[in-house]
Amino acid sequence: MWQQILPGLRIKLFMTVVLGIIYPLAMTGLCRLLFPRQANGSLITQGDKVIGSEIIAQNFTKPEYFHPRPSVAGSGYDATASGGSNLGPTSAKLIRGTTKMDDKKNEVVDFDGISLRIVHYCVDNDVPYESSVPLDRFKTANGDLDDVKLIKAFNDEKAPLVFTPRAPIPADAVTASASGLDPHISPESAQLQSARVAKARGASLDQINRLVAQFTEPPELGILGEPRVNVLKLNLALDRELARR
Amino acid sequence: MTSVGILQIFIFLAIILACAKPLGGFMANVFNGERTFLHPLLRWLEVLTYKAIGVREDVEQRWTQYTAALLSFSVFGFLLTYAIQRLQGYLPFNPQGFGAAQVSPDLAFNTAASFVTNTNWQSYTGESTLSYFVQMSVLTVQNFASAAAGIAIAIALIRGFTRQEKRTVGNFWVDVTRATVYVLLPLAVIAALLYCSQGVIQNLKPYTTLTTVEGAKQVIAQGPVASQEAIKQLGTNGGGFFNANAAHPFENPTPLSNLLAMVLIFLIPGALTYTFGKMVGDTRQGWAIFAAFSAMFLIGVFVAYHYEQAGNPNLTGLGIQNQASAGQPGGNMEGKELRFGIANSALFATVTTDASCGAINSWHDSFTALGGLVPMFNMMTGEVIFGGVGAGLYGILLYCIIAVFIAGLMVGRTPEYLGKKIEQKEVKMAMLAIIATAFSILVFSAISMVADFHAKGYWNPPGAAAANINNSGPHGLSEILYAYVSATANNGSAFAGLNTNTPWYNLTLGLAMIIGRFLFLIPLLAAAGSLAAKKKIPVTAGTFPTHGPLFVGLLVGTVILVGALTFFPALSLGPIVEHFLMQSGKLFSMIPVTQLWS
């Protein structure tokens, strides 16, 4: 029997050296030689500072920038904790959101939910909508929307808040991506955001739309995958070509 | 569904079909010990391996010795994987300083079982748990090893059909070495370079800390990903370097890398059907199996694609666009990446669960009810739609035995397959394999639905095992069921909302993986041994041909019936009832489950 068993140990050690050390190290050397930029994460630098990776989403919240897809990686766009919501199609949490009590016993947003994302998307981008209760009732003292109040209104069993956009919202704009680091938005979502960006930058809608078109990547080889816009690259182009106001 | 989406599915299948003959014929030559075009380049490595491990190339093994060798290979793989994970703090290539604190004993057990059985289930989050050394020296190695073992067993089973009155089925060490040296390693090197050209990272640097355009701090995980990604898909392993697996832009940055990933997953399983045909001396036998694979694959992919594109009616009501248009993909985009859209996400989910890969490019947990049923059903068949490397072929040969047995019963003749009489022993062994896996799936799922533990205790800190779910209602049952199906079928994908990193789940899922692997393939090796010892009987007018459409239909029917009859009750309580509730707009909030059971 030892005849069959000892080779098991020996082959394991042999494989560890050949496949576990030599193979990955050789590939590391070869990739660095042939594809140095990709092997190191397609990093973008400004001066001598790294400001992001071309293929990893980073958050943008200011009106003068295009915004990426929602992310639930860590506390959002955390590139050390990639992941999605893993909420299913009948999850109330996914659709209406949830709140929780924080350490100081204040009610805060636990999970924003798709309904709330739609409200923000419509308000931010001037998409017309109908609301069963005027949104003014959900504002804080300084005039911002109160997310906690809105989530509670969506979850109200008796008379839930019904909020309906008048224009269809692209699905990718209000759903969390799988990695939480999706660097792209759909061309339609980009076009819906153009007016906001143009206004915030004092630029013409045409200028913005031209840039969006320029940064819209078609499906690869004409058929593979979806047409898409890389948010970081587009925003950097905006900063290069148009002044921030 | 869009025409471009449908076209992509057929292009993918055409590539697999085109590769089957060249690669399959090459593998037949390799395992028959013939010289190939790679021998001048790689023969030295094969010889060196035999020298290093002390085996002779020309000595064959009986099925019992072959099995002992396989078990020894797996046990040492298991021990090494466990030990290196626990000791990672003392080992090199660890820029983030991960130690034993990140890897508890039960987690290390689960991961070791997972990577030895070709499951590659992940209870851990790669980027915040494991050092580069662990990822390379144990996980990458196990990716090669478990895949090579799968191929070896399939080849041994084929030899059972081709040999007459022989007591041996080949030499495990030789088969594993040849599979690694001539098939897996060369393809992995090419695939890793292609991946890197698309943007998959390959470095040993510490994580990159940077300040974003809006001034926030972002830390980006790094690592030797391309070398692992290549063998992970090629060996139908599926364990991701990162938590988001092949949805992570660093593992799968472009639609082209996504196509490469899917092709790598089906490449060897598809080609092995041709290897089988060539080795048994009748390539039509191989093409019949390829046809059965393709039929079941196409049914699954179009069901999944249809329901994912139709989307979630609960979202349509909110004003979200479900129809695809030129500027956006529509459909159920929760948990999907934009560059893949609906078509490539549904296709990938089908491919990864047809084969026992388990890599994901979208979260199956967020699929619509019936879209998510497809991956689950694929795994419930026992991974015999292309299947894992080797595992798919030996799995479908098991179903062939059952199919000819059923056909034999209907006409009252002793069933035969490829000239071998299928008798009591072979049928018993085939049924043992099927019952063992069904038992593991259903019994573990049932126990996890009702098992109650002390909250904050050792076994399951959240309390009841059912409290670990992330979704309430029927979807919660689906999460638990999916976990044990995936573990037992050695797939490794998940309805990942379920928190499985507790001792209860780590241990039972690890056990399910071991049952699913070894109680499936040991009976098969026994059948191979008994088949090899038999005489071939000549083909007569009464022989049931096993290369025509009638047999393909019978085979597909057997796979679907055995899967459906065994698991239909569980599926109807999970995804099927969820589908109807979803259509009627019913939503579920999380109820603290502990209250239900106490």
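All values derive from a computational prediction rather than experimental measurement. (Residues numbered from 1 in each chain as written. Chains lettered and ligands numbered in written order. Predicted model: local features only at pLDDT ≥ 70, side-chain atom pairs only at ≥ 80, totals over all residues. Heavy atoms only, no water.)

> Describe the overall build of chain B, with residues and values.
Helices and strands together make up the secondary structure of chain B, namely 18 helices and seven strands. For a compact globule of 598 residues, the expected C-alpha radius of gyration is about 25 Å, and chain B comes in at 23 Å, within 12% of that figure. Along the longest, intermediate and shortest principal axes, the C-alpha atoms of chain B span 70 × 55 × 55 Å. Split into buried and exposed, the 598 residues of chain B put 67% on the buried side. Long-range pairs, those at least 24 residues apart, make up 78% of the contacts in chain B with a sequence separation of at least 6. The positive charge centre, built from 30 side chains, and the negative charge centre, built from 25, are 11 Å apart in chain B. (Helix = DSSP H or I, 4+ residues; strand = E, 2+ residues; numbered from the N terminus. Rg over C-alpha atoms; globule rule 2.2 N^0.38 Å. Buried < 20%, exposed > 50% of the residue type's maximum accessible area, 1.4 Å probe, protein only. Contact = heavy atoms within 4.5 Å. Lys, Arg positive; Asp, Glu negative; His and termini not counted. Charge placed at Lys NZ, Arg CZ, Asp CG, Glu CD.)

> Lay out the interface of chain B and chain A with the relevant residues and their values.
At the junction of the two partners, chain B supplies 120 residues and chain A supplies 100 residues. Summed over both partners, the interface of chain B with chain A comes to about 8800 Å²; 65% of that surface belongs to carbon and sulfur atoms. Linking chain B with chain A are one salt bridge. Across the salt bridge formed by D182 of chain A and R339 of chain B, the nearest N and O atoms sit 3.9 Å from each other. The biggest single contributor to the side of chain B that touches chain A is helix 6 (residues 172-198) of chain B, with twelve residues. Across the side of chain B that touches chain A, the residue classes break down as 61 nonpolar, 48 polar and eleven charged. (Buried area = accessible area lost by both parts, 1.4 Å probe. Salt bridge = Lys/Arg side-chain N within 4 Å of Asp/Glu carboxyl O. Nonpolar A, V, L, I, M, F, W, Y, C, P; charged D, E, K, R; others polar.)

> Help me get a handle on a nonpolar patch on the surface, residues and values and all.
The grouping of M431, I435, F439, V443 and I447 of chain B at the surface amounts to a nonpolar patch, some 430 Å² of accessible area in total. For M431 of chain B, the position within the fold is in helix 14 (residues 424-450). (Patch = residues over 30% accessible without salt bridge, like charges linked within 9 Å, V, L, I, M, F, W, Y side chains within 5 Å. Areas by Shrake-Rupley, 256 points an atom, 1.4 Å probe, with all protein chains shown as cover.)

> Any details on the domain arrangement of chain A? Residues and values, ideally.
One frequent convention defines the size of an interface as the accessible area lost when the parts assemble. Looking at chain A, the domain boundaries give domain 1 (2-40), domain 2 (52-68 + 181-245) and domain 3 (85-175). Using C-alpha coordinates to define each centre, domain 1 of chain A is positioned 41 Å away from domain 2 of chain A. (Domains from an automatic or database assignment.)

> Residue-level account of the side chain of S42 of chain A, with values.
Residue and element names in this part refer to chain A. Relative to the helices and strands, S42 resides in the loop between helix 2 (36-39) and strand 1 (43-46). Owing to a relative accessible area of 4%, S42 belongs among the buried residues under this scheme. Apart from the residues lying within four places of it in its own chain, the contact partners of S42 are R37, G52, S53, E54 and I55.

> For helix 8 (residues 255-279) of chain B, give the residues involved together with the corresponding values.
Residue and element names in this part refer to chain B. The terminal C-alpha atoms of helix 8 lie 36 Å apart, and with 25 residues this matches the ideal 36 Å at 1.5 Å per residue to within 8%. Its maximal kink placed at L267, helix 8 deviates by approximately 35°, while the proline P269 follows within four residues. Where burial is concerned, most of helix 8 is hidden: 23 out of the 25 residues are buried. Of the residues flanking the end of helix 8, it is G281, one or two places downstream, whose phi is positive at about 80°. (Expected span 1.5 Å × (residues − 1). Bend = angle between axes of the 7 residues up to and from the residue.)

> Quick one: what's the story with empty space enclosed by the protein, residue by residue and with numbers?
Where empty space is left can be seen by rolling a probe of water-molecule size over the atoms. If you walk through the whole model with that rule in mind, you get five cavities of 30 Å³ or more. Taken as a whole, the largest cavity encloses approximately 270 Å³ of empty space. Elements with a minimum of two residues in the lining of the largest cavity: helix 12 (369-380), helix 13 (391-411), helix 14, helix 16 (503-532) and helix 17 (549-583) of chain B. Here the lining of the largest cavity is composed, by residue class, of twelve nonpolar, ten polar and two charged. Its boundaries defined by the atoms lining it, the second largest cavity holds a volume of some 110 Å³. Forming the walls of the second largest cavity are I11, F14, M15, V18 and L19 of chain A together with L45, T49, V176, T177, T180, V181 and L185 of chain B. Elements with a minimum of two residues in the lining of the second largest cavity: helix 1 (2-34) of chain A together with helix 2 (39-53) and helix 6 of chain B. Grouping the amino acids of the lining of the second largest cavity by side-chain chemistry returns nine nonpolar, three polar and no charged. (1 Å grid on protein atoms, 1.4 Å probe; cavity = no way out; pocket = protein on both sides within 12 Å on 5 of 7 lines; lining within 4 Å. Points joined across faces, edges and corners; volume = space filled by probe spheres on them.)

> Which residues make up unusual backbone geometry, and what values do they have?
Residue and element names in this part refer to chain B. Positive phi, normally seen in glycine, also occurs at T236, with a value near 45°. Position of T236 among the secondary structure elements: in the loop between helix 7 (226-234) and helix 8. With relative accessibility at 0%, the residue T236 sits in the buried group. For E383, which is not glycine, the phi torsion reads 60° and is therefore positive. By the secondary structure assignment, E383 is in the loop between helix 12 and helix 13. Exposure remark for E383: the relative accessible area of 2% places this residue in the buried category.

> An account of the sheet that holds strand 9 (residues 216-217) of chain A is requested, with residue identities and associated values reported.
Residue and element names in this part refer to chain A. Pairing is antiparallel in the open sheet, where three strands are placed in the order 8-10-9. Single-partner strands in this sheet number two, and they are strand 8 (184-185) and strand 9. Bridging between strand 9 and strand 10 (residues 228-230) involves two bridges; their strand directions are antiparallel. Across the sheet, residue E217 finds its bridge partner in strand 10, namely R228. (Pairing = 2+ DSSP bridges.)

> An account of the pairing of strand 4 (residues 217-220) of chain B is requested, with residue identities and associated values reported.
All names here are of chain B. Residues of strand 4 alternate between two faces, with Q218 and I220 buried on one and K217 and V219 left unburied on the opposite face. Two elements, strand 3 (residues 208-211) and strand 4, share four bridges in a ladder whose sense is antiparallel. Bridge assignment links T208 to a residue of strand 4, and that residue is I220. The turn linking strand 3 back onto strand 4 is made up of five residues, and G215 within it adopts a positive phi angle of 90°.

> If you had to explain the layout of surface pockets to someone new, which residues and values would you point to?
Of the voids in this model, the largest pocket is the one considered here, and its volume is about 1100 Å³. The wall of the largest pocket is formed by 36 residues, among which T61, D112, R117, H120 and D124 of chain A lie closest to the centre. Tallying contributions element by element places helix 4 (residues 113-125) of chain A first for the lining of the largest pocket, with seven residues. Broken down by class, the residue content of the lining of the largest pocket amounts to 15 nonpolar, eleven polar and ten charged. Formed jointly, the lining of the largest pocket draws a minimum of three residues from each of two domains, domain 2 (52-68 + 181-245) and domain 3 (85-175) of chain A. Reported here for the second largest pocket is a volume of approximately 650 Å³. If you go around the second largest pocket, you meet 31 residues; those closest to its centre are N86 of chain A together with N243, W363, A496 and G497 of chain B. Grouping the amino acids of the lining of the second largest pocket by side-chain chemistry returns eleven nonpolar, 19 polar and one charged.

> Hey, could you go over the pairing of strand 3 (residues 98-101) of chain A for me, with residue numbers and the actual values?
Residue and element names in this part refer to chain A. Bridging between strand 3 and strand 4 (residues 107-111) involves four bridges; their strand directions are antiparallel. If you follow T99 over to strand 4, its bridge partner there is V109. From the end of strand 3 to the start of strand 4, which pair antiparallel, there are five residues, and K105 there has a positive phi angle of about 65°.

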